[in-house]
Amino acid sequence: MTGIDIAFCTGLLKEVGDDLYAKFAETRGTPPHDFEELAQRFRQLNSQAEDAIRSALQTNYPAIRWSDGEFDLEEQRQAMRSGDYWICDPMDGAFHFFQGFTFWSTALCLIRDGVPLFSAVYDPCHRELFHAVQGEGAYLNGVRIAAGKKQELKHAVVATSHSTLVSKDGTLVETIQGLSRVMSRSMITRMLGSVSLQLAYVASGRLDAYWEHGNDTFDWLPGALLVQEAGGTVTDTEGRPFGQGPGGIAAASRTLHPQLVAALQEEAV
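Now for a quick tour of the structure. Since the model is a prediction, treat every value here as computed from it, not as a measurement.

Details of unusual backbone geometry
Right, so step 1: At Asp113, a position not held by glycine, the phi torsion is positive, near 50°.
Right, so step 2: Here Asp113 is to be found in the loop between β3 (105-112) and β4 (115-123).
Right, so step 3: Of note, Asn141 is a non-glycine position whose phi angle comes to about 50°, a positive value.
Right, so step 4: Mapped onto the elements, Asn141 comes out in the loop between β6 (137-140) and β7 (143-144).
Right, so step 5: The class for Asn141 is partly exposed, based on a relative accessible area of 44%.

Overview of helix α7 (residues 217-229)
Right, so step 1: With 13 residues, α7 extends 18 Å from end C-alpha to end C-alpha; this agrees with the ideal 18 Å at 1.5 Å per step.
Right, so step 2: Helix geometry: α7 is bent most strongly at Gly223, by close to 30°.
Right, so step 3: α7 sits mainly inside the fold: 11 of its 13 residues count as buried.
Right, so step 4: Of the residues one or two after α7, Gly231 is the one with positive phi, at around 90°.

Regarding the packing of helix α5 (residues 172-183) against helix α8 (residues 257-265)
Right, so step 1: The interhelical angle for the contact between α5 and α8, taken along N-to-C directions, is 125°, at an axis separation of 8 Å. Classified by the interaxial angle, the pair formed by α5 and α8 is oblique. Both α5 and α8 take part in a crossing whose hand is right-handed. Every residue of α8 that contacts α5 at Gly178, Arg181 and Val182 is listed here: Leu260, Ala263 and Leu264.
Right, so step 2: A per-class count over the contact of α5 with α8 returns 4 nonpolar, 1 polar and 1 charged.

About the cut-offs
- Residues numbered from 1 in each chain as written.
- Predicted model: local features only at pLDDT ≥ 70, side-chain atom pairs only at ≥ 80, totals over all residues.
- Heavy atoms only, no water.
- Helix = DSSP H or I, 4+ residues; strand = E, 2+ residues; numbered from the N terminus.
- Buried < 20%, exposed > 50% of the residue type's maximum accessible area, 1.4 Å probe, protein only.
- Expected span 1.5 Å × (residues − 1).
- Bend = angle between axes of the 7 residues up to and from the residue.
- Axes fitted to C-alpha atoms, helices over the stretch in contact; angles between N-to-C directions.
- Parallel < 35°, antiparallel > 145°, perpendicular 65-115°, else oblique.
- Left-handed = near helix turned anticlockwise from the far one by under 90°.
- Contact = heavy atoms within 4.5 Å.
- Nonpolar A, V, L, I, M, F, W, Y, C, P; charged D, E, K, R; others polar.

Rendered as structure tokens:
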């Protein structure tokens, strides 16, 4: 049992996401002039959205801690800690948000002893709410969803992302090699934006697989539960238990997952 009111939590996420969408629509025609302006806008809106979610959750669930690890990789490396805590990404896909692209989302996840119990990913631009509860399935706007049924990677539509600091965090070579290996073995490969939303698309069968190198565990946890509850498989990029290996994520249907991991480990074609 999660011990939380799912309707309250998803309703809160939708409310905050819709407020963000109003600001997105208002400023869509005026992208930032430079990184400094983008960072300033991000700090303001992200903080406002996070404060709204955090305040409501702490009022209703004072015993559940709040993690500030969204930008703290060291805390993310220690994500498998004990107790209950929330992780939240109010603006997953912030660069898309500020450039006027619609592929961004608001994500929330409840963790217990390192294991996701509940997650929700809301796409305000399309009014689509994905949510999952451990052992109870994954849903899109209240309708149960399932991972795709393709049998071969060569027919698959797959997606990936690279970290914002790919040139500085040591994942540049892994990212390029992984892209080369999977692109040559799949039908279509895309980089769409919000990581949580791409994983939600794997859970709903819109995408057949997703992988990413790095250590952004908090970015992956909400979507990972969606995929698992939709009947898919989630591991690190070498096929080890998700969150316990050296880093990365590989998510796909149970049929395609072994093929995705094998492709990531093989020599580029």
